[in-house]
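Read off the chains here:
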Amino acid sequence: MMIRLARFWPLMVAAWAGCASGEGQGHVVLTGLVDATEIDVAAKGPGRVRTRAVREGDTVQAGQKLLDIESFEVKAKIDPYALLSEKMGSLAAQIADGAITEVEFAYLGEIADLKQNLKYVTRLGIKGMLEQVLHEPANIVNAEVIAQGRGITIFEKTSSEAGDYKSLVTLSYTTEKGRESISGIVTRAGPRIIAIGKYATDIVPSGFVILADHVNRPGVVGPVGMILGKHNVNISSMQVGGRN
């Protein structure tokens, strides 16, 4: 029997052109081609400016990126998946049979529509993975660079198809022993890991979890419980994952 102990640490842009009529000033909504020297730009929804690509008074071209806006609505959607990705990355690093050389994040279903925001989710997954092997913590700014510096190739893919789920995230990782995967979803109660390799699971990724590969026969699970009880380790829940 092999037992592993895993720990989970817990635009559309609206353009407004200023105009003057006599002494009064106001705003008009313009659509189509606009010939103006000054245009005030406002976001369609509430958000926070993360980075600014231009300064006041700069000349800009059509299609040029002006601002990177963090939408509160998008953030509310993406944060639970970022947490899930971080937990999955942490678990992958703990159960991987050897050094990870390649990792792929697959975003399936509705989550795929979040597009460029998925890079944040990927970086949290890499951060979770690296924190299990580094002496100093990684962060979303340097995680990808550190991983690549350690020879880890990172891939992302998206698809509108997620089988029986609205959204599904699968982290696949490769070592010298082969390729394995972890899949997870976000429910109203929070992130859950629903598959580890070929086994179906229903794991809340928090606290301490014991993962055990064993032969499906009588007399296997009981002794594990006896050993844990002998050392005053409580089991709050247990499940046997069948093969997918």
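Nothing here was measured: the structure is a model prediction, and the numbers come from that model.

A.B. asks: Run through the pattern of salt bridges, naming residues and quoting values.
C.D. replies: Taken as a whole and assessed by the stated rule, the structure comprises nine salt bridges. Salt bridges here are not isolated pairs; linked through shared partners, they connect Lys119, Arg123, Glu144 and Glu156.

A.B. asks: Mind laying out the environment of Asp79, listing which residues take part and the relevant values?
C.D. replies: Within the secondary structure layout, Asp79 lies in helix 1 (residues 72-95). Residue classification places Asp79 among the partly exposed residues on the basis of a relative accessible area of 28%. Linking Asp79 and Val121, residues 42 residues apart in sequence, is a C-alpha distance of 8.0 Å.

A.B. asks: Explain the nonpolar core to me, using residue names and the numbers behind them.
C.D. replies: Ranked by size, the top nonpolar core spans 33 residues in total, and within it Val103, Ile126, Tyr173 and Ile182 carry the most contacts. Those elements that place two or more of their residues in this core are helix 1, strand 7 (102-109), helix 2 (118-130), helix 3 (143-149), strand 9 (167-175), strand 11 (190-196) and strand 13 (207-213). In terms of residues, this core owes the most to one element, helix 1, which gives seven residues. Those residues in contact with Val103 that lie beyond four places of it in its chain are Ile126, Met129, Ile152, Thr153, Ile154, Phe155, Leu171, Ser172 and Tyr173. Counting six residues, the second-largest nonpolar core is a separate cluster that includes Ala106, Leu108, Ala162 and Ile194.

A.B. asks: Got a sec to walk through the pairing of strand 9? Specific residues and values, please.
C.D. replies: The element strand 9 is extensively covered by neighbouring structure, given that nine of its nine residues are classed as buried. Of the two faces of strand 9, the one holding Ser167, Val169, Leu171, Tyr173 and Thr175 and the one holding Leu168, Thr170, Ser172 and Thr174 are both buried throughout. Note that strand 7 and strand 9 share eight bridges and pair antiparallel. Note on strand 9: the bridge partner recorded for Phe105 is Leu171. Of the strand pairs in this sheet, strand 9 and strand 10 (residues 178-187) are connected by seven bridges, and their pairing is antiparallel. When the bridges of strand 10 are listed, Ser172 appears paired with Ser181. Taking the residues between adjacent antiparallel strands as the criterion, strand 9 and strand 10 are bridged by two residues.

A.B. asks: Can you break down a nonpolar patch on the surface residue by residue, with the values?
C.D. replies: Taken together, Val221, Ile235, Met238 and Val240 make up a surface patch of nonpolar side chains, about 350 Å² in accessible area. Looking at the element boundaries, Ile235 is found in the segment after helix 4 (221-230).

A.B. asks: Hey, could you go over unusual backbone geometry for me, with residue numbers and the actual values?
C.D. replies: If you check the backbone angles, Lys115 has positive phi at about 50° while not being a glycine. You can see Lys115 is positioned in the loop between strand 7 and helix 2. The class of Lys115 is exposed, set by a relative accessible area of 58%. Phi at Asn232 is positive, roughly 60°, even though this residue is not glycine. Topologically, Asn232 is positioned in the segment after helix 4.

A.B. asks: Report on the sheet that holds strand 12 (residues 199-203), specifying residues and quantitative values.
C.D. replies: Across the sheet, which stays open at both edges, the six strands sit in the order 8-7-9-10-11-12 with mixed pairing between neighbours. Both edges of this open sheet fall to strand 8 (153-159) and strand 12, since each of them pairs with a single strand only. The average angle at which neighbouring strand axes cross in this sheet is 20°, direction not considered. With three bridges joining them, strand 11 and strand 12 adopt antiparallel strand pairing. What sits directly across from Ile196, in strand 12, is Tyr199. Where helix 2 meets the sheet, it contacts strand 7 and strand 8, and its direction lies at approximately 140° from that of strand 7.

Criteria and thresholds
- Residues numbered from 1 in each chain as written.
- Predicted model: local features only at pLDDT ≥ 70, side-chain atom pairs only at ≥ 80, totals over all residues.
- Heavy atoms only, no water.
- Salt bridge = Lys/Arg side-chain N within 4 Å of Asp/Glu carboxyl O.
- Helix = DSSP H or I, 4+ residues; strand = E, 2+ residues; numbered from the N terminus.
- Buried < 20%, exposed > 50% of the residue type's maximum accessible area, 1.4 Å probe, protein only.
- Core = buried A, V, L, I, M, F, W, Y, C linked by side-chain atoms within 4.5 Å.
- Contact = heavy atoms within 4.5 Å.
- Pairing = 2+ DSSP bridges.
- Patch = residues over 30% accessible without salt bridge, like charges linked within 9 Å, V, L, I, M, F, W, Y side chains within 5 Å.
- Areas by Shrake-Rupley, 256 points an atom, 1.4 Å probe, with all protein chains shown as cover.
- Axes fitted to C-alpha atoms, helices over the stretch in contact; angles between N-to-C directions.

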